[in-house]
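Coordinate inspection notes
What follows is the residue order along each chain.
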Amino acid sequence: MFSAHDGLRLYGRHYPAMGRSEGTVVCLAGLTRNSKDFHLLAGALSAYGIGPFDVYCLDFRGRGRSAHDPDWSNYTPYIDMLDTIDFLTVEGIHSAAFVGTSRGGIVTMLLAAFRPAAVAAAVLNDIGPVIETQGLARITGYVGLTPVPEDWDEAARLIRDMNRGFFPYVSDEDWLEIARQWFGERDGRPTAGYDPNLAKLFSTADVAQGVPPMWNQFAALNRVPALAIRGALSDILSDETLKEMTERHPMLAAITVEEEGHAPLLRDNQTIETIADFLHGADFARAI
């Protein structure tokens, strides 16, 4: 746990390198998600066979084990970026590679613009400078409205039914594991994994107008190696945007994860190995 600039207590989990560290990796989750999304990836990256890297996974305010903010208007990417800077300061981390899923990728782009030296390499998981309106509308339809299941079997069925079209080949056993990532837990039963007040962010926004393009923020990553991951079934990051990203960024590698939507789960060995290979190839530890 650490304290943000306004005193709110926030959570981060450390996966220490099993051996001499090759560098530091910071993982930032999506809008309603939390640090548990990166458990398999972080465990692999910190292990001697693939890494080893020192890996930190953060819960943004109002998500996971971090405290809820009494002022819901603070649930913005800008505040999340400030909280990330606070974490780096507390841990004495001057520069790191960042793995950002969806909202976490937006925060990574902002951080590269506001504090360029902090970002030594970037992995953007199903996010780019253009967010598709169709996907944004879908997200606004469930944030703060998803019921809390009575038990874990119901939780697995709920998220399976909500996401079957985007992840058609995920097994029931895996959905049960994923449910334990997405929801909190109290007395052995599921609880909300985020502050429902996150939904109020959309109450003041015109979803039909979409989100302004973030090409300027994306350009801040041009100085560092980057890897863009897109789910083939994504309704947030289009194939056209991904292609333009590769044209604009001189050091961007891109992959598509088949049969997965928004956002790729980062659970399969191939994707994990691709990220590990990218981080080793980026050689960002020597650049720090």
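Residues numbered from 1 in each chain as written. Predicted model: local features only at pLDDT ≥ 70, side-chain atom pairs only at ≥ 80, totals over all residues. Heavy atoms only, no water.

**Some thoughts on the layout of surface pockets**
Space inside the largest pocket adds up to approximately 620 Å³. In this structure, the largest pocket is lined by 23 residues; those nearest its centre are Pro77, Ile106, Ile131, Leu136 and Val211. Looking at the lining of the largest pocket, the elements with two or more residues in it are α3 (103-114) and α4 (133-140). At three residues, α3 tops the list of elements feeding residues into the lining of the largest pocket. Looking at the lining of the largest pocket residue by residue, the classes come out as 17 nonpolar, four polar and two charged. Estimated volume of the second largest pocket: approximately 520 Å³. Forming the walls of the second largest pocket are 27 residues, and the residues nearest its centre are Thr32, Arg33, Tyr142, Trp182 and Tyr194. Sorting the residues of the lining of the second largest pocket by element identifies α4 and α5 (152-163) as the ones contributing at least two each. Among the elements that take part in the lining of the second largest pocket, α5 stands out by supplying three residues, more than any other. (1 Å grid on protein atoms, 1.4 Å probe; cavity = no way out; pocket = protein on both sides within 12 Å on 5 of 7 lines; lining within 4 Å. Points joined across faces, edges and corners; volume = space filled by probe spheres on them. Helix = DSSP H or I, 4+ residues; strand = E, 2+ residues; numbered from the N terminus. Nonpolar A, V, L, I, M, F, W, Y, C, P; charged D, E, K, R; others polar.)

**Concerning the pairing of strand β3 (residues 24-28)**
With respect to burial, β3 is a largely interior element, five of its five residues being buried. Burial along β3 is two-sided: Thr24, Val26 and Leu28 and Val25 and Cys27, pointing in opposite directions, are all buried. As paired strands, β3 and strand β4 (residues 54-59) are joined by five bridges and run parallel to one another. Bridging across to β4, Val26 finds its partner in Tyr56. In the classification by handedness, the crossover that spans β3, the intervening helix α1 (residues 39-46) and the parallel β4 is right-handed. (Buried < 20%, exposed > 50% of the residue type's maximum accessible area, 1.4 Å probe, protein only. Pairing = 2+ DSSP bridges. Right-handed = clockwise from strand over helix to strand, strands pointing away.)

**Side note on empty space enclosed by the protein**
Inspection of the entire model under this criterion finds two cavities of 30 Å³ or more. In terms of lining, the largest cavity is formed by Arg33, Asp37, Phe38, Thr101, Asn125, Pro264, Leu265 and Leu266. Here the second largest cavity is characterised by a volume of approximately 40 Å³. Phe2, Leu10, Leu58, Asp59, Phe60, Asp80, Asp83 and Thr84 are the residues that line the second largest cavity. Sorting the residues of the lining of the second largest cavity by element identifies β4 and α2 (77-91) as the ones contributing at least two each. Looking at the lining of the second largest cavity element by element, the count peaks at three residues for α2. Here the residues of the lining of the second largest cavity sort into four nonpolar, one polar and three charged.

**Remarks on the side chain of Thr84**
Its location among the elements puts Thr84 in helix α2. Look at Thr84 and you get buried, because its relative accessible area is 1%. In terms of polar contacts, Thr84 uses its side chain to reach the backbone carbonyl oxygen of Asp80, at 2.9 Å. If we skip the residues at most four places from it in the chain, Thr84 touches Leu28, Leu58, Phe60, Phe98, Val107 and Leu111. (Polar contact = N/O pair within 3.5 Å; in protein donor to acceptor, adjacent residues only side chain to side chain. Contact = heavy atoms within 4.5 Å.)

**Details of the pairing of strand β10 (residues 252-257)**
Of the pairings in the sheet, the one linking strand β9 (residues 226-231) to β10 comprises six bridges and is parallel in character. By the bridge assignment for β10, Ile229 is matched with Ile255. Note on the crossover from β9 through helix α8 (residues 239-248) to β10: the handedness is right-handed.

**Points about the pattern of salt bridges**
Considering all chains together, one arrives at 16 salt bridges under this definition. With a closest N to O distance of 2.8 Å, Arg33 and Asp37 form a salt bridge. The residues Arg33 and Asp37 share a single accessibility class, namely buried. Across the pair Asp161 and Arg160 runs a salt bridge whose closest N-O atoms are separated by 3.2 Å. Taking relative accessible area as the criterion, Asp161 reaches 47% and is therefore assigned partly exposed. (Salt bridge = Lys/Arg side-chain N within 4 Å of Asp/Glu carboxyl O.)

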